[in-house]
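Below, each chain spelled out in residue letters.
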Amino acid sequence: MLQSLAGSSCVRLVEQHRSAWCFALLVLGYLLYLVFGAVVFSSVELPYEDLLRQELAKLKQRFLEEHACLSEEQLEQFLMRVLEASNYGVSVLSNASGNWNWDFTSSLFFASTVLSTTGYGHTVPLSDGGKAFCIIYSVIGIPFTLLFLTAVVQRIIVYVTRRPVLYFHIRWGFSKQVVAIIHAMVLGFVTVSFFFLIPAAIFSVLEDDWNFLESFYFCFISLSTIGLGDYVPGEGYNQKFRELYKIGITCYLLMGLIAMLVVLETFCELHELKKFRKLFYVKKDKEEDQVHIMEHDQLSFSSISDQAASMKDDQKANEPFVNSQSPTSNDSSLNN
């Protein structure tokens, strides 16, 4: 009996604090996912880093042996300067000297990556004025971009998601939840095809050093706004129509970001996902709801009484003028 009472009390305790337990499990799962990613990346990439370090050390030693007049300190100073310029998007190679990082099309591409928070990092402001302007431009432009994207997605999702689901639900009598799930899957497949697979095939043709996997990797890193910057299109030496190519990439990033937001919003409107999200939310107390209802009722009652009082005043103002006399005076006149 004691065991049954203890079990029922535990179940009651879990039910009362269900959202807190779910939130704790969510935090724990997220931390474990971070650790899992760190372990996998470390185990996969660390051997390649070690091989690259060994190769660079051998090349440096061979270069110093072949050029005995050059000291190791001078070589390291030169390499440090080259790496510093490379971090700012300026290459020391002769075959890359023809590409300017701050012409109009490149600046337009940079502005789009800043406002969309993609931020490849291949090109950064060099001057103090450019850095200050980038801060002010981002503070104003990022919220403006969020407002713009929200308005565009809200208008698109009405015609792309809500109306088709209602059409099949009302016209053909299918279950609204089933139609919504199928529609979300179809929309996700179309988005992956037109904004990942097809652009990846195009980039693999236009970029000489990219294969299909690298091109698909660039599309995903860009449209998810991760923007690692290890792959940036239009930076090749013999890139044809570079200005037009940069403008096309800018349009692709904006349209792809809108498409991704539409897909995410479509999935977020699914009934099953709404129920799943509510597991981790804080539930409102009944007392707070009652107070809110009472306050709402009081406001409604006061507004109604105010309206009634104003209506009475209006009626009095609209009545014809009547000579006001006291009842005693009327009675005396009648007696006379």
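Here is what the cut-offs are and how they apply
Residues numbered from 1 in each chain as written. Predicted model: local features only at pLDDT ≥ 70, side-chain atom pairs only at ≥ 80, totals over all residues. Heavy atoms only, no water. Helix = DSSP H or I, 4+ residues; strand = E, 2+ residues; numbered from the N terminus. Buried < 20%, exposed > 50% of the residue type's maximum accessible area, 1.4 Å probe, protein only. Polar contact = N/O pair within 3.5 Å; in protein donor to acceptor, adjacent residues only side chain to side chain. Contact = heavy atoms within 4.5 Å. Phe/Tyr/Trp six-rings, centres within 6.5 Å; stacked < 30°, edge-to-face > 60°. Expected span 1.5 Å × (residues − 1). Bend = angle between axes of the 7 residues up to and from the residue. Salt bridge = Lys/Arg side-chain N within 4 Å of Asp/Glu carboxyl O. UniProt positions renumbered as here; feature names shortened; annotations may be inferred. Core = buried A, V, L, I, M, F, W, Y, C linked by side-chain atoms within 4.5 Å. pLDDT = per-residue confidence, 0-100.

### A word on the side chain of Thr-266
Right, so step 1: Structurally, Thr-266 can be placed in helix α8 (residues 242-268).
Right, so step 2: Using a relative accessible area of 3% as the deciding quantity, one classes Thr-266 as buried.
Right, so step 3: A polar atom in the side chain of Thr-266 sits 2.7 Å from the backbone oxygen of Val-262.
Right, so step 4: Every residue in contact with Thr-266, bar those within four places of it in the chain, is listed here: Ile-157, Thr-161, His-183, Ala-184 and Leu-187.

### Side note on the packing of aromatic side chains
Right, so step 1: Scanning the model with the defined rule gives 16 aromatic pairs in all.
Right, so step 2: Between the aromatic rings of Trp-210 and Phe-218, the centroid separation amounts to 5.4 Å while the plane-to-plane angle is 50°, which identifies the pairing as tilted. For the pair Trp-210 and Phe-218, a shared accessibility class is recorded, and that class is buried.
Right, so step 3: Ring geometry for Trp-210 versus Tyr-231: centroids 5.5 Å apart, planes at 85°, classification edge-to-face. Of this pair, Trp-210 sits in the loop between α6 (176-206) and α7 (212-223) while Tyr-231 sits in the loop between α7 and α8; the two residues are 21 residues apart in sequence, bridging distant segments of the chain.
Right, so step 4: Owing to a relative accessible area of 23%, Tyr-231 belongs among the partly exposed residues under this scheme.

### Details of unusual backbone geometry
Right, so step 1: A positive phi is found at Thr-117, a non-glycine position, where the angle reads about 60°.
Right, so step 2: Relative to the helices and strands, Thr-117 resides in the loop between α4 (104-115) and α5 (128-171).
Right, so step 3: Here the phi dihedral of Thr-225 falls at roughly 60°; this positive angle occurs in a residue that is not glycine.
Right, so step 4: Its location among the elements puts Thr-225 in the loop between α7 and α8.
Right, so step 5: With relative accessibility at 27%, the residue Thr-225 sits in the partly exposed group.

### Description of helix α2 (residues 18-66)
The α-helix winds at 3.6 residues per turn, so residues separated by three or four positions along the chain end up facing the same way.
Right, so step 1: With 49 residues, α2 ought to run about 72 Å at 1.5 Å a step, and its terminal C-alpha atoms sit 71 Å apart, in line with that.
Right, so step 2: By the largest-angle criterion, Glu-45 marks the main kink of α2, which is about 35°, and a proline, Pro-47, follows within four residues.
Right, so step 3: Three or more residues of α2 are buried, namely Ser-19, Cys-22, Gly-37 and Leu-64.

### Side note on the environment of Phe-280
Right, so step 1: Tracing the sequence through the fold places Phe-280 in the loop between α9 (271-278) and α10 (286-318).
Right, so step 2: Setting aside chain neighbours within four positions, we find Phe-280 in contact with Ser-19, Cys-22, Phe-23 and Leu-26.

### Overview of the pattern of salt bridges
Right, so step 1: Under the criterion given, the structure shown has 4 salt bridges.
Right, so step 2: The salt bridge partner of Glu-72 is Lys-60, with a shortest N-O separation of 3.2 Å. In this pair, Glu-72 is assigned in helix α3 (residues 72-87) and Lys-60 in helix α2, connecting sequence segments 12 residues apart.
Right, so step 3: You can call Lys-60 partly exposed: its relative accessible area is 25%.
Right, so step 4: For Arg-162, the salt bridge identified is with Glu-269, shortest N-O distance 2.7 Å. With a gap of 107 residues between them, Arg-162 in helix α5 and Glu-269 in the loop between α8 and α9 connect regions that are remote in the sequence.
Right, so step 5: The partly exposed category is assigned to Arg-162, whose relative accessible area is 35%.
Right, so step 6: Judged by relative accessible area, Glu-269 falls into the partly exposed class, the value being 26%.
Right, so step 7: Three or more residues are tied together by salt bridges with common partners; here these are Lys-60, Glu-72 and Glu-76.

### What about the UniProt feature "transmembrane region" (unreviewed entry) in the chain?
Right, so step 1: Feature annotation in UniProt places "transmembrane region" (unreviewed entry) on residues 21-44, 135-157, 178-203, 215-232 and 244-264, given in this structure's numbering.
Right, so step 2: Along residues 21-44 the backbone is 100% helical and 0% strand, and the end-to-end C-alpha distance reaches 34 Å.
Right, so step 3: Across residues 135-157, the secondary structure splits into 100% helix and 0% strand, with the terminal C-alpha atoms separated by 32 Å.

### As for the nonpolar core
Right, so step 1: Core analysis: the largest hydrophobic core is formed by 14 residues, its most contacted members being Phe-203, Cys-219 and Leu-253.
Right, so step 2: Secondary-structure elements contributing two or more residues to this core are α6, α7 and α8.
Right, so step 3: Setting aside residues up to four positions removed in sequence, Cys-219 forms contacts with Phe-195, Phe-196, Pro-199, Ala-200, Phe-203 and Tyr-252.
Right, so step 4: Judged by nonpolar contacts, the second largest core, of 7 residues, contains Leu-187, Leu-257, Ile-258 and Val-262.

### Re the confidence of the model for the chain
When pLDDT is low, close inspection of the predicted coordinates is not appropriate.
Right, so step 1: Looking at the chain as a whole, the pLDDT averages 80, with 76% of positions reaching at least 70.
Right, so step 2: Within the chain, the lowest mean pLDDT, 41, falls on helix α11 (residues 327-335), and the highest, 95, falls on α7.
Right, so step 3: In the predicted structure, residues 297-305 sits below a pLDDT of 50 and forms 0 contacts with residues beyond four places in sequence or in another chain.
Right, so step 4: Within the model, the stretch residues 316-336 combines pLDDT values under 50 with 1 contact to residues more than four positions away or in other chains.

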